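As a plain string of letters, each chain reads:
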Amino acid sequence: MKSLSLLACLTSSASATIFYAGVAESGGEFGVWSADATPGTGLPGAFGVDYKFIDEAGVDVHVDQNHLNLFRIAFLLERMAPPATGLGKTFNETHFDYFKRAVDYVTVTKGAYAILDPHNYMRYNDPSSQPYSGSVIGNTSDPTAATTAQFGEFWGELAGRFADNEKVIFGLMNEPHDMATSLVLANNQAAIDAIRAAGASNLVIMPGNSWTGGHAWAQGSDPSSALLHTFADPLNNTAIDIHEYLDVDYSGSHSECVSDAATNLADVTAWLKEHNLKAFITEFGGTNNTGCDAMLTDYVQYLADNDVYIGWTAWAAGPFWGTASPCCTDSQPLGSFEPGSKAAGGGPSLYDTVWLKVLQPLVPSKLQWAGKASVAGGETTEFPA
């Protein structure tokens, strides 16, 4: 267990480079799983019953008490742009209104920043068995696949709707995988081009291949490191979106933390520095044990010590997790990072044992609370009470 004085030191040093810190809000992607992979299951779904983006009371606690300034809000492409009309600029306006209400609550009512997170693994048309179901966007050999141009069209439409909100960050896609890195790059570029053509100057964060895993960034025969730096943004306001878990297979499903961040992020950190890029870690986590406590503390300190990292969101909070756990428990029902969450039987949840005990003391005392989200960050201040 780290001493309180050391944790205070860590918090102080973290404020030097981390501008945005918070949690992922998982729930907008719920309600579509099918045990027999039946396409269309749960679509569009009933808001507040099958899925929900945030719980406002939980956001209140995270902002007002925990002083977090960043929330990554998941949604499904198939709910926003229904398969009946295809991926593009035709939206389900009822669904969009629910989503915008959540984003506005975070950014306008609470004054924090929000990452828009299409939780689709660079796939579209069938989320019934995510993360593998659905056609890979831009796969020209699949006649059912949405095209790269359609992906750009979607982002142009969504960006135009949030262009006047400087606290909205566009997360282009959650965890592309099992596809050519050149296609990940092409889809990212189409989205960036469309976002800027829509007049939106908002911060963009773009993923890599291989589940956008930091440990895999320079690995294999088709690594993200070979191509991803060749993207172009005329406004130079695009950062890299990285996920990195601490368990044996980097999946975030196991309770033992054995893969330390300093080792497994070394290659991507060097790549970011080489290409003068900034990054967010938008998924990481751990469970309640001594090994994870130490590794999580070292992890957040590593991000603070390397100025290529400007923000992070831990996985995950969300209104519908109940006693189930989104991360790192070997399927034990230990709750989530949602305030008020409880483990099965009513015991302390991951919010109590991991968030409050380990991560909360590492949240920088000063974060950016005003102005446009940017790769350069902004003025950091204490929480504006």
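Use the structure listed above.
Residues numbered from 1 in each chain as written. Predicted model: local features only at pLDDT ≥ 70, side-chain atom pairs only at ≥ 80, totals over all residues. Heavy atoms only, no water.

(A) Up close: the packing of helix H4 (residues 93-109) against helix H5 (residues 148-162). Packing of H4 against H5 leaves a shortest axis separation of 12 Å and a crossing angle of 50°. Judged on the interaxial angle alone, H5 and H4 are oblique. For the pair H4 and H5, the crossing hand works out as right-handed. Here Glu93, Phe96, Phe99, Lys100 and Val103 of H4 come into contact with H5, specifically with Leu158, Arg161 and Phe162. Here the residues of the contact of H4 with H5 sort into 5 nonpolar, no polar and 3 charged. (Axes fitted to C-alpha atoms, helices over the stretch in contact; angles between N-to-C directions. Helix = DSSP H or I, 4+ residues; strand = E, 2+ residues; numbered from the N terminus. Parallel < 35°, antiparallel > 145°, perpendicular 65-115°, else oblique. Left-handed = near helix turned anticlockwise from the far one by under 90°. Contact = heavy atoms within 4.5 Å. Nonpolar A, V, L, I, M, F, W, Y, C, P; charged D, E, K, R; others polar.)

(B) Highlighting H5. Taking 1.5 Å of rise per residue, 15 residues should cover 21 Å, and H5 covers 21 Å from first to last C-alpha, within 8% of that figure. In this structure, the buried side of H5 is in contact with strand S2 (70-75), helix H3 (77-80), H4, strand S3 (113-118), strand S6 (168-171) and helix H6 (181-197). (Expected span 1.5 Å × (residues − 1).)

(C) Looking closely at the state of the cysteines. Counted under the stated rule, the structure contains 2 disulfides. Two residues share a disulfide in this structure: Cys327 and Cys328, whose sulfurs sit 1.6 Å from each other. One exposure class covers both Cys327 and Cys328, and it is buried. If the cysteines joined by disulfides in the chain are listed in sequence order, their pairing comes out as 1-2, 3-4. (Disulfide = S-S within 2.5 Å. Buried < 20%, exposed > 50% of the residue type's maximum accessible area, 1.4 Å probe, protein only.)

(D) A look at the side chain of Asn174. Counting through the fold element by element, Asn174 comes out in the loop between S6 and H6. Among the polar contacts listed, one links the side chain of Asn174 to the side chain of Arg72, at a separation of 2.8 Å. Of the polar contacts made by the side chain of Asn174, one reaches the side chain of His119; its length is 3.3 Å. (Polar contact = N/O pair within 3.5 Å; in protein donor to acceptor, adjacent residues only side chain to side chain.)

(E) Here's a closer look at the pairing of strand S1 (residues 20-25). For S1, the buried fraction is high: 6 of the 6 residues fall into the buried class. Pairing between S1 and strand S10 (residues 309-317): 5 bridges, direction parallel. Bridge pairing links Tyr20 to Gly311 in S10. Where S1 meets S2, 4 bridges bridge the pair, whose relative direction is parallel. Looking at S2, one finds that Ala24 is bridged to Arg72. Between the parallel pair S1 and S2, the chain is carried across by helix H2 (residues 56-65), and the sense of this crossover is right-handed. (Pairing = 2+ DSSP bridges. Right-handed = clockwise from strand over helix to strand, strands pointing away.)

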